[in-house]
Amino acid sequence: MRLLHITDLHILADENAELYGVDTFLSLKLVLARAFEEDAKPDYIIATGDLSEDATEQSYMRLRRLFLQTGVPVFVIPGNHDSLTCMNTHLIGRLITMDFVAELPVWKVIFLNSQVPGHGYGHISHTQIGALERQLENDRQAPYLIALHHSPSTHCMGEDCQLDNADMLLGVLDKFANARAILSGHAHVRFDEVHSHLKVMTTPATSVQVTHQHRTTSQSDDSDDFLSTHEIDADRHGFRFLDLAANGEMQTMVYYA
Ligand SMILES: [Fe+2]
């Protein structure tokens, strides 16, 4: 079974608009075309947030058309740029779902909403942490992936790049051998790390990549100062395959279109 993981699509309402010089609808089309030209085609798509750049109904309607053209089930969660209301109204339906758990053959995926409305950083609510713990506790046989927008890895000191209770999330997952891996985005860069028995995977954006730099005390902590501490690479559009075996093993590969 092959999963296609995409993240940080940043689709715009206006067909002529660009993000850092990139037509993000076109870059997503390139990614999907590249992913589906492989001999082993994706059986499912997981899209971990920042699906829209401007949270407009038009952006979600454009995205919905593209997702439905793939013909495979698409699981989505919101990022900091998204509108949950607009997603529910203009994106979800038919093959596109936004649920807490997805049951795939053998494997299962838990989706967490790390959005903090009005802010760039992420947070997982106590309610979701409790539900996660109960799900893993009550179903210890199935191998699980955990998908969320904000990566629990600390790769940037910028406040907006953090999942503010990453330690709490990792502390719960540490207890369960059936939690195999975390899938996230937000960073717009690739990271593949190991925490305890977990693979922690951050997948590059389909839109633009970002190089993160550590802030110095002389730099403003204002989020408007983003470009003074981060560099944009508009030339590469990334995605990840996960090949999930029935015996609980996984292989992962990152590509750029
Ligand atoms: Fe993003």
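Just above, that's the structure.
Residues numbered from 1 in each chain as written. Predicted model: local features only at pLDDT ≥ 70, side-chain atom pairs only at ≥ 80, totals over all residues. Heavy atoms only, no water.

Looking at this structure, how should I read the coordination of the iron ion?
A metal bound by six donors in octahedral fashion has ideal angles of 90 or 180 degrees, whereas one bound by four tetrahedral donors has an ideal angle of 109.5 degrees. Coordination sphere of the iron ion, protein contribution only: Asp8 (OD), His10 (NE2), Asp50 (OD) and His188 (NE2), at 2.2 to 2.4 Å. Each of the four donor atoms around the iron ion contributes to a set of angles spanning 90 to 176°, which defines the coordination as irregular. All donor residues of the iron ion come from one chain, and their arrangement in sequence is D-x1-H-x39-D-x137-H. Taken together, the residues span a long stretch of sequence, with Asp50 in the loop between strand 2 (44-48) and helix 2 (57-70) and His188 in the loop between strand 8 (179-185) and strand 9 (191-195) at a distance of 138 residues. Taking the relative accessible area as the measure of exposure, Asp50 reaches 2% and is therefore buried. (Donors = N, O, S within 2.8 Å, 3.2 Å for Na, K, Ca; no water. Tetrahedral: all angles 85-135°; square planar, octahedral: opposite > 155°, others 65-115°. Helix = DSSP H or I, 4+ residues; strand = E, 2+ residues; numbered from the N terminus. Buried < 20%, exposed > 50% of the residue type's maximum accessible area, 1.4 Å probe, protein only.)

Even after reading the chapter, I still don't get the pattern of salt bridges, so can you show me in this structure?
It is possible for side chains bearing opposite charge to pair when their charged atoms get close. According to the stated counting rule, one finds 10 salt bridges in the structure shown. In this structure, the salt-bridge partner of Arg34 is Glu37, at a minimum N-O distance of 3.8 Å. With relative accessibility at 53%, the residue Glu37 sits in the exposed group. Here Arg190 makes a salt bridge to Asp192, at a shortest N to O gap of 2.5 Å. Asp192 sits in the partly exposed class, given a relative accessible area of 37%. (Salt bridge = Lys/Arg side-chain N within 4 Å of Asp/Glu carboxyl O.)

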